Amino acid sequence: MSSIIQLLPDHVANQIAAGEVVQRPASVVKELLENAVDAKATDIKLIIKDAGKALVQVIDNGLGMSVTDARLCFERHATSKIRQAEDLFSLHTKGFRGEALASIAAIAHVEMKTKQDQEELGNHIIIEGSKFVSQDPAVLPKGTSFAVKNLFYNIPARRNFLKSETVEFRHVVDEFQRVALAHPNIYFTMYHNGGEMFNLPNSNLRQRIVTIFSGKTNEKLVPIQEETEIVSVQGFVGKPEFAKKNRSEQFFFVNDRFIKSGYLHHAVMNAYEGLLPNGAQPSYFIYLNVPPNTIDINIHPTKTEIKFDDEQALYAILRSAIKHSLGQFNVAPALDFDRDPNLDTPYDYQNKNAEYPKVQVDRSYNPFSDEKQSASFSGGGSSYKKAEISQSWESLYVGLKQDTLEVENFTLENEEVTASFFDEKEEEDVAKHTYQIQKKYIVSPIKSGMVIINQHRAHQRILYEQFLTNMTVHQASSQQLLFPLQFHFSANEMQIITELQPALENTGFVFETLNEEYLQISGIPTNTSESEVAIVLEQLISDLQDGIPDSSFSQNDTIAKSMAKSLAVKTGAYLTEKEQENLANNLFACKDPNVSPFQKPTFITMRVEDIDKRFSL
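Everything numeric here is computed off the predicted structure, so don't read it as measured data.

Reading the values: rules and limits
Residues numbered from 1 in each chain as written. Predicted model: local features only at pLDDT ≥ 70, side-chain atom pairs only at ≥ 80, totals over all residues. Heavy atoms only, no water. 1 Å grid on protein atoms, 1.4 Å probe; cavity = no way out; pocket = protein on both sides within 12 Å on 5 of 7 lines; lining within 4 Å. Points joined across faces, edges and corners; volume = space filled by probe spheres on them. Helix = DSSP H or I, 4+ residues; strand = E, 2+ residues; numbered from the N terminus. Nonpolar A, V, L, I, M, F, W, Y, C, P; charged D, E, K, R; others polar. Pairing = 2+ DSSP bridges. Buried < 20%, exposed > 50% of the residue type's maximum accessible area, 1.4 Å probe, protein only. Phe/Tyr/Trp six-rings, centres within 6.5 Å; stacked < 30°, edge-to-face > 60°. Polar contact = N/O pair within 3.5 Å; in protein donor to acceptor, adjacent residues only side chain to side chain. Contact = heavy atoms within 4.5 Å. Expected span 1.5 Å × (residues − 1).

### Observations regarding the layout of surface pockets
Considering only enclosed or pocket space, the largest pocket measures out at about 1000 Å³ in volume. Along the walls of the largest pocket sit 41 residues, with Arg170, Asp174, Arg178, Phe258 and Lys260 positioned nearest its centre. Among the secondary structure elements, those contributing two or more residues to the lining of the largest pocket are α2 (25-38), α6 (165-182), β11 (250-254), β12 (257-259), α8 (262-271), α13 (491-507) and α14 (530-546). For the lining of the largest pocket, the element with the highest residue contribution is α6, accounting for 7 residues. Classifying every residue of the lining of the largest pocket gives 10 nonpolar, 17 polar and 14 charged.

Below is the structure:
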C-alpha cells in the first residue's frame, strides 16, 4: 500500500497558520502596531481604507531593518525577540512567535519599505501571496512602512465571512486604542478613508485617556495606586454615576500588554458592589506590572489571555486597591456606626474661635398692658410704637343680626338618591378584560379560551413598526425640551451618530448642536423620557458597532430594532388596565404580531379544550 501522508507546501502551511493569527483586518492592525512599538518607534501612523479590507498601512520611525532582515522577516518562525525557550519567561516585547508577517504575506498583497538610520539606502519589497515579486534598494526615511492590501484576496471564503464595514472598523479602532493606551509616550495618528480619526500626542496616561474618550472623561476618573511585592497596580477607575450599559471602556494591561480576564473583571465588580445599578458596567483603565517570570503569555494565538502564578493574591490586591480609591475620594460612603454625624464640626468653622452671643433685652416690655412704651435699643437704633385701637373688639359684631336670614321655615331634602347615571348592563359591558400576571404577562379572554401576551416582546414589536414607519413613510412628532440635553461621546461614537442623524431625526429627535466634541438634543420622540435618551443612544451605538442584529436588511431596520429594545416596557413593570388594553390592541394591529423584532413569540393562546383536558387528569 502506498504512503498517503505528505508534507504541505510552505505557502499552504502559511495560509493555514494565517487562520489563527489573522482573523480580520483588526488582527493585521494589532500585529503591525506591536511590531512598530517593538522597533522603539516614537511616532506611529495608521492608515486605513474600507475598514482595512482594501488597505492597512503602518508607518513608524523605528530602528528599521537591514537587507537580510527585510527578506528573512517574512519566513515562518523568524523573530528577533527570543533566542531560546527560556526567553519566553523574560519577555519585554510584544511579539515573539515569528508567525505574524509570514501569515499576513500569505493572504494579502504586502509592500514593505524599511531603512536603518546608519544606512544610505533602504529596501523596498513587494510580496503577493507568499511569493516575492521584487526587492529593490530605495531612498527612504528612517523607519519602516508596511502596506497590506486586498486582505484575503486568495481566500474568498474567508473574505465573505467578514462583517460589515462598520463592524470591522469598530474592531480596528479597538485594537488601535489598546496599543495607544498602553504606550502614552508614543505619538499615534490614525486616518480612515483620507480623514483623520485620532491625533494622540505623547503625554501622560490621564491625558491619553481623555484624548481618546473625549474631554468629559476627565471628571469621571478616580486614580488608583498600589505597590506590593507581587504586583504594582496603577491606573484609573470610573465613578459609579458614569457607569455604562456596555464594556467599551474596560481595559486591563499587564506589562503594557492588553489582556482579557474574567477573573480580574470580577474583582473590579466586587469592589463596586452596592454602588452600581443593575446591569451597569464601570469604566476602568488598570495597569498591572508583574515580574515576567510569574506569567505565561504563550497560551493563545492573540496573546490576550495570560496565566498568573498567584491569581488569588492579584484578585485581593486589585479589589482592595479599587475600594480604597473609591473611599479615599469620597466616591463610596464610609460607614462608622460609632460616630454621630450631628457632632461633626463644619469645615467653615473648624479654625474659628468661639464668641459669646450678644443678647439685648427690653425690660419695660409687658404684653398685657394696654399701651406699649416705646423702646429704643442702642445696638439697632430702631423704635417701636403701639398702634392705637379706635374701638373695642365688640364693635366688630355690631349689625350682623340685620344681615342674617331666618332659616326656620326652610326644609332640606334628606332622601337617598338611588338613581344611577349608568345602567347595570353598561357596567358589565365595560368590565375588565385584561389581567397582568407577575408583572410580566397580560392575560385576555377570547372566544376560544384566552391569550397570554409577553408585555416586553409585544411592546418591542409595536415600537419597532412605529419607528420603521416614521423613518420610511413620514416623520414622527417630537416633544421639545425646555433645557437641551448635552452628551459627550468618543470620536468614533460621534461619527456614528453623525451618520445616523437623518434617520434619528425621522424618529423624533431634534439635534441642536452636533460636532466632534459633544451633541445637544432639543427634541425627543413623544414616547421617550429625558432619562431614557442616554440609554437609547448608548444601546444604538453598541448595536451598530457590533452589527447586531445580523439579520438587519438596512440601517433603518437596525435603528428601529435597537430603539424598540431600549424603550420597550420591561418585565416587572406594572401596567394599568388602560395600558394593558392599549398594549393588546396595538399588538394585534401590527403587521406581524406573532413575533418580536428578534423573532421570538409575543403571545400564546390556550383553548378551553386544553384547559378542560388539564382538569380531567
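### Let's talk about the pairing of strand β20 (residues 510-514)
Bridge count between β20 and strand β21 (residues 518-525): 4 bridges; the pairing is antiparallel. Residue pairing for β21: Thr513 is matched across the bridge by Gln520. The antiparallel pairing of β20 with β21 creates a hairpin that spans 3 residues between the two strands.

### Quick look at the environment of Phe483
Among the secondary structure elements, Phe483 is positioned in strand β19 (residues 478-488). The sequence separation of Phe483 and Ile521 amounts to 38 residues, and the corresponding C-alpha distance is 9.1 Å.

### Focus: the pairing of strand β4 (residues 122-128)
Most of β4 sits out of view: 5 of its 7 residues are buried. As defined by bridge partners, strand β3 (residues 109-115) adjoins β4 across 6 bridges and the pair is classed as antiparallel. Across the sheet, the residue bridging to Glu111 is Ile126, located in β4. Taking the residues that link successive antiparallel strands as the turn, the β3-β4 hairpin has 6 residues.

### Observations concerning the packing of aromatic side chains
Summed over all chains, the structure comprises 15 aromatic pairs. Taking 5.9 Å as the distance between ring centres and 90° as the angle between the ring planes, the aromatic pair formed by Phe176 and Phe188 counts as edge-to-face. With Phe176 in helix α6 and Phe188 in strand β7 (residues 187-192), the pair connects residues that are 12 residues apart, well separated along the chain. No difference in accessibility class separates Phe176 from Phe188, as the two residues are buried.

### Describing the side chain of His459
Here His459 is to be found in helix α12 (residues 455-472). In terms of polar contacts, His459 uses its side chain to reach the backbone amide nitrogen of Val569, at 2.8 Å. Among residues more than four places away in sequence, those in contact with His459 are Leu567, Ala568, Val569 and Leu583.

### Structural notes on unusual backbone geometry
Despite not being glycine, Ala51 has its phi angle at roughly 55°, a positive value. For Ala51, a relative accessible area of 0% puts it in the buried group. Its identity is not glycine, yet Asn150 carries a phi of approximately 50°, on the positive side. Residue position: Asn150 is located in the loop between β6 (143-149) and α5 (156-160). Residue classification places Asn150 among the partly exposed residues on the basis of a relative accessible area of 34%.

### Concerning α12
Here α12 contains 18 residues, and its C-alpha end-to-end distance of 26 Å stays within 8% of the 26 Å for a straight helix at 1.5 Å per residue. Where burial is concerned, most of α12 is hidden: 13 out of the 18 residues are buried. Between a side-chain oxygen at the N-terminus of α12 and the backbone nitrogen of His456 the separation is 3.2 Å; the capping residue is Asn454.

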